[in-house]
Amino acid sequence: MIRSWQRWNKASRKWLWVLVIVGILASVPVIAQRVQTESSANQVEFVMNYRGLLDIASYQADPKAYLDEQLDRLKEAGIGTMAMFESTLDELSKTRRIMVFSSVEAAKLNGAVIAENGNYTYLAFTSADNEAQLKPMIEATFSKLNVPVANWQYQDRGGLVIGMGMEEAVMKPLPLDPIAFAMLREKGFTVLPRLSDNIPYDQEEMDQQLAYFAENGVTRILFDGEAVKGFTENESKNSLQGFADLLKKHGIGIAAIENLKAPQKGFNKLAYLIDYNVVRLHSLADTEASQDKATLADRFVLATKDRNIRMVYLNASASKDLTKAAITNPIDNLIGSLQAPGNAIERIENNGFELGQAEAFTIHDASWQRYLKALVVLGGVAFVALLISCFLPSLTLVAFVLGLVGSAGLYVLKPVLLEQALALFVAISAPTIAMVLAIRKVQELQEKHSNFSGGRRLTHTIVLFIKTSLLSLTSVPFVIALLNNITYSLVLNQFRGVSLLHLGPILLIAIYVFLYRGNSVWEELRKWLRMPITVLWVAVAAVLGVAALYYLSRTGNAGTLLPGEAAFRSFLENTFGVRPRNKEFLLAHPLFIVGLFAAFRYRWAMFAMIIAVMGQLSMVDTFAHIHTPAVLSLIRDVLGLGLGLVIGLIAVLVWQIIERCWDKWSPRLLKL
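Please read these numbers as outputs of a predicted model, since none were measured by experiment. (Residues numbered from 1 in each chain as written. Predicted model: local features only at pLDDT ≥ 70, side-chain atom pairs only at ≥ 80, totals over all residues. Heavy atoms only, no water.)

A. Region of the structure containing the overall build of the chain. A count of helical and extended segments in the chain gives 28 helices and 14 strands. With 672 residues in all, the chain has 48% of them scored as buried. Of the contacts formed within the chain by residues at least 6 apart in sequence, a portion of 79% connects residues at least 24 apart. Carbon and sulfur atoms make up 61% of the accessible area of the chain, which amounts to about 32800 Å² in all. A distance of 18 Å separates the average location of the 64 positive side-chain charges in the chain from that of its 58 negative side-chain charges. (Helix = DSSP H or I, 4+ residues; strand = E, 2+ residues; numbered from the N terminus. Buried < 20%, exposed > 50% of the residue type's maximum accessible area, 1.4 Å probe, protein only. Contact = heavy atoms within 4.5 Å. Areas by Shrake-Rupley, 256 points an atom, 1.4 Å probe, with all protein chains shown as cover. Lys, Arg positive; Asp, Glu negative; His and termini not counted. Charge placed at Lys NZ, Arg CZ, Asp CG, Glu CD.)

B. Focus on the packing of aromatic side chains. For the coordinates displayed, the defined rule picks out 24 aromatic pairs. For the ring pair Phe181 and Phe213, a centre distance of 6.2 Å and an interplane angle of 15° mean the geometry is stacked. Taken as a pair, Phe181 in helix H8 (residues 178–186) and Phe213 in helix H9 (residues 203–215) lie far apart in primary sequence, 32 residues in all. Of the two residues, Phe181 and Phe213, both sit in the buried class. Considering the side-chain rings of Phe223 and Phe243, the 6.1 Å spacing of their centres and the 65° angle between planes classify their relative orientation as edge-to-face. Of this pair, Phe223 sits in strand S8 (residues 220–223) while Phe243 sits in helix H11 (residues 239–250); the two residues are 20 residues apart in sequence, bridging distant segments of the chain. Each member of the pair, Phe223 as well as Phe243, carries the same accessibility label: buried. The rings of Phe101, Tyr122, Trp152 and Tyr154 are connected pair by pair, giving a single aromatic cluster. Seen from the ring of Phe597, Arg457 lies directly overhead, with NZ or CZ sitting 4.1 Å from the centre. (Phe/Tyr/Trp six-rings, centres within 6.5 Å; stacked < 30°, edge-to-face > 60°. Lys NZ or Arg CZ within 6 Å of the ring centre and 35° of its normal.)

C. Expanded view of a nonpolar patch on the surface. There is a patch of nonpolar side chains on the surface, built from Trp15, Val18, Val22 and Leu375 and spanning about 370 Å² of accessible area. Among the secondary structure elements, Val22 is positioned in helix H1 (residues 2–38). The exposure class of Val22 is partly exposed, given its relative accessible area of 33%. (Patch = residues over 30% accessible without salt bridge, like charges linked within 9 Å, V, L, I, M, F, W, Y side chains within 5 Å. Salt bridge = Lys/Arg side-chain N within 4 Å of Asp/Glu carboxyl O.)

D. Representation of the environment of Gln369. For Gln369, the position within the fold is in helix H16 (residues 369–391). Between the C-alpha atom of Gln369 and that of Val30, which follows or precedes it by 339 residues, the distance is 6.4 Å. Leave out the neighbours within four places in its chain, and Gln369 touches Val30, Gln33, His364 and Asn484. For Gln369, the side chain forms a polar contact with the side chain of Gln33, separated by 2.5 Å. (Polar contact = N/O pair within 3.5 Å; in protein donor to acceptor, adjacent residues only side chain to side chain.)

E. Region of the structure containing the pattern of salt bridges. Enumeration according to the criterion identifies 23 salt bridges in this entry. Note that Glu91 and Arg51 form a salt bridge whose closest N and O atoms lie 2.9 Å from each other. Here Glu91, found in helix H4 (residues 89–94), pairs with Arg51, found in helix H2 (residues 50–57); they are 40 residues apart in sequence, far enough to count as distant. For Glu91, a relative accessible area of 7% corresponds to the buried category.

F. Structural context of the sheet that holds strand S5 (residues 149–154). Within the open sheet, the four strands sit side by side as S3-S4-S6-S5. Their pairing is antiparallel. Every interior strand has two partners, whereas the edge strands, strand S3 (98–102) and S5, have only one. Each neighbouring strand pair of the sheet contributes to a mean axis angle of 25°, computed without reference to strand direction. Sheet analysis places strand S4 (residues 121–125) next to strand S6 (residues 157–162), joined by four bridges and oriented antiparallel. From the neighbouring strand, Thr121 faces S6, where its bridge partner is Ile162. (Pairing = 2+ DSSP bridges. Axes fitted to C-alpha atoms, helices over the stretch in contact; angles between N-to-C directions.)

G. Region of the structure containing unusual backbone geometry. In this model, Ala340 is joined to Pro341 through a cis peptide bond whose omega is 10°. On the secondary structure map, Pro341 appears in the loop between helix H14 (331–338) and helix H15 (344–350). Its identity as a non-glycine residue notwithstanding, Arg96 has a phi of 65°, on the positive side. Its location among the elements puts Arg96 in the loop between H4 and S3. For Asn259, which is not glycine, the phi dihedral falls at a positive 60°. Examined against the element boundaries, Asn259 turns out to sit in the loop between strand S9 (253–257) and helix H12 (267–273).

H. Seen up close, the nonpolar core. Judged by nonpolar contacts, the single largest core of 81 residues is most densely connected at Met435, Ile439, Ile509, Phe592 and Met609. Apart from residues lying up to four places away in sequence, Met435 is in contact with Thr468, Ile509, Phe592, Met609, Ala612, Val613 and Gln616. (Core = buried A, V, L, I, M, F, W, Y, C linked by side-chain atoms within 4.5 Å.)

I. Just the layout of surface pockets, in detail. Computed from the structure, the second largest pocket encloses a volume of approximately 850 Å³. Together, 32 residues line the second largest pocket, and Arg370, Lys373, Tyr411, Glu419 and Asn485 are the ones closest to its centre. Among the elements of the structure, H1, H16, helix H17 (396–413), helix H18 (415–448) and helix H21 (486–489) are those that each provide at least two residues to the lining of the second largest pocket. Ranked by residues supplied to the lining of the second largest pocket, first place goes to H16 with five residues. In terms of residue class, the lining of the second largest pocket is built from 17 nonpolar, 10 polar and five charged. (1 Å grid on protein atoms, 1.4 Å probe; cavity = no way out; pocket = protein on both sides within 12 Å on 5 of 7 lines; lining within 4 Å. Points joined across faces, edges and corners; volume = space filled by probe spheres on them. Nonpolar A, V, L, I, M, F, W, Y, C, P; charged D, E, K, R; others polar.)

J. Summary view of the pairing of strand S7 (residues 190–195). S7 sits mainly inside the fold: six of its six residues count as buried. Neither face of S7 is open: one carries Thr190, Leu192 and Arg194, the other Val191, Pro193 and Leu195, and all of them are buried. As paired elements, strand S2 (residues 81–85) and S7 share five bridges and run parallel to each other. If you follow Met84 over to S7, its bridge partner there is Pro193.

K. Representation of the side chain of Asp197. Within the fold, Asp197 resides in the loop between S7 and H9. An unpaired buried charge is present at Asp197: no salt bridge exists, and Lys229, the closest side chain of opposite charge, is 5.4 Å distant. One polar contact links the side chain of Asp197 to the main-chain amide nitrogen of Gly230, over a distance of 2.8 Å. A polar atom in the side chain of Asp197 sits 2.6 Å from the side chain of Thr232. If we skip the residues at most four places from it in the chain, Asp197 touches Asp224, Ala227, Val228, Lys229, Gly230, Phe231 and Thr232.

L. Structural context of the packing of H9 against H11. Two elements in contact, H9 and H11, have axes whose closest approach is 10 Å; the angle formed by their N-to-C orientations is 25°. The orientation of H9 relative to H11 falls into the category roughly parallel. Between H9 and H11 the crossing geometry is right-handed. Where H9 abuts H11, its residues Gln203, Met206, Asp207, Leu210, Ala211 and Ala214 lie against Gly242, Phe243, Leu246, Leu247, Lys249 and His250. (Parallel < 35°, antiparallel > 145°, perpendicular 65-115°, else oblique. Left-handed = near helix turned anticlockwise from the far one by under 90°.)

M. Up close: a negative patch on the surface. Residues Glu346, Glu349, Glu354 and Glu359 make up a contiguous surface patch of negative charge. On the secondary structure map, Glu349 appears in helix H15. Judged by its relative accessible area of 39%, Glu349 is partly exposed.

N. Representation of the side chain of Gln43. With respect to the helices, strands and loops of the structure, Gln43 is situated in strand S1 (residues 43–49). Of the residues examined, Gln43 reaches a relative accessible area of 17% and is grouped as buried. Among the polar contacts listed, one links the side chain of Gln43 to the backbone oxygen of Gln357, at a separation of 2.7 Å. Beyond its immediate chain neighbours, meaning those up to four positions away, Gln43 contacts Arg310, Glu354, Gly356, Gln357, Ala358 and Glu359.

Here it is, written out as structure tokens:
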């Protein structure tokens, strides 16, 4: 019975590989549609924060003239859009449209004593035109907040008195400044409204506002604050659905800000309700706007090319420079990054993009994809079962059956979890299986041929390097097909388990190298357990632990770069057009090549495979960044393999020289 079970498990591996191949073939049309989606929107839009520009202008001797001049310069530099926040009394005061006074200031102006029971806000309009356009807007806003508003007179100017303390009144959001809106449109700018969820949601008023936006060329909205418009009152008013209906009615989409600490509340639901009329936006903080022009240019180019970014949002603010005894700002620096010497816009256009209003991707997601994805799931489960067979051969069939049952259950209960979990497990399986098979092949060749020439060792090493890399990459079609959803491209949903992907294959290969190369696992385990623990072992373990922590810290976006690494990355990017991963071509791939070359002669050299597997899993991880175009990820991997092979061959040459020197001189050294 046991022998029959072993035969069934052994025979099943062939059929599991057939299912893996079927899964790969089924993924090809799905991958083709993803590439179609990624190439459907190529317009890049540069946006400037208008509020920051106002703040800078407020420090100038002639704010209006300065603002007018800078707007023209920015327009000429390639910035075609101005982001406008909902205005406030404070902002209207900075633009000299109103004057705002507290109760104390108003009393002084009138030559009176302040009343004991009144803490109000007084404002005077600076022109009759400002009064005509702004007064109804201010009255309506504060009336909705149940704050009394009355007429007030300052000299010959009309004004208002608001029944609220000035400190609070100047913070209340008002509609976009209509005077500034019209001025920006006259200068040829598109406006990107920034709407908050800080005032009560009104469907009729929002309909009118969006209609006005659409009439004036607005195609996209960016939200301000922690939540999208309508989120707070969604339970009582179903306001998200209402807002989504209005956005679709007026043909207006939304923008998703990249790398927020926490997603804006309600964003994912709203994106779904408007059929993902969403573009990704990269925001440059005002504290970063003074960076080197070349650094900023590289950042903008990489964002658009590598991360599906279609809107670049520029912030700027005034700052005190004590060394110059002046108020400075980064506007000249930003313009220099976009034009010469940074030339970001020219480089972006050379990458196949064009300046214009950002458009959402046209989603290619045919109904037949679901049937092909079923085959992909079947092949993915088979792949995971094959991984288990490398370590526990007797559980191959059990693992496959349990995998099918679990997948069916997750498909019914949590289909998103199914696609994410299976993509992760397949991503771990392929590089691990590939490395295990490479190790087995080396052992097999060692048993057949005890003494290889240098040429044969090198030939087998190169062939194994290519075979192993190709086998590792067979998991890529599964990852792409399983996660082929616009929510991953827009990073509304993400590939989970990145740390596990980076650590899992290393641990599994370590287990295999330590325990699976002898007569039996138990025998090898007992041998290692009986080894005495020395201070050297403890020191090595500590070093490896620190190295592992640093390695894991580099798997995300927040890792700290080594000195000079940023410049080296920029050099690679500008040289090849696509930057290969350093850990692949500088460390893992060369180590794989020289490690295998040495392992044909020295058994201990196989321990290098524990580190070398990093290159295999890194190639797969490149495709797990779904917001990076698939074609770009493929180029990055091929470059890494090519450069890694070249450096690896150089390392083999160095090793061969060391080896021959050792063979020649070691007998004499041992006699001393």
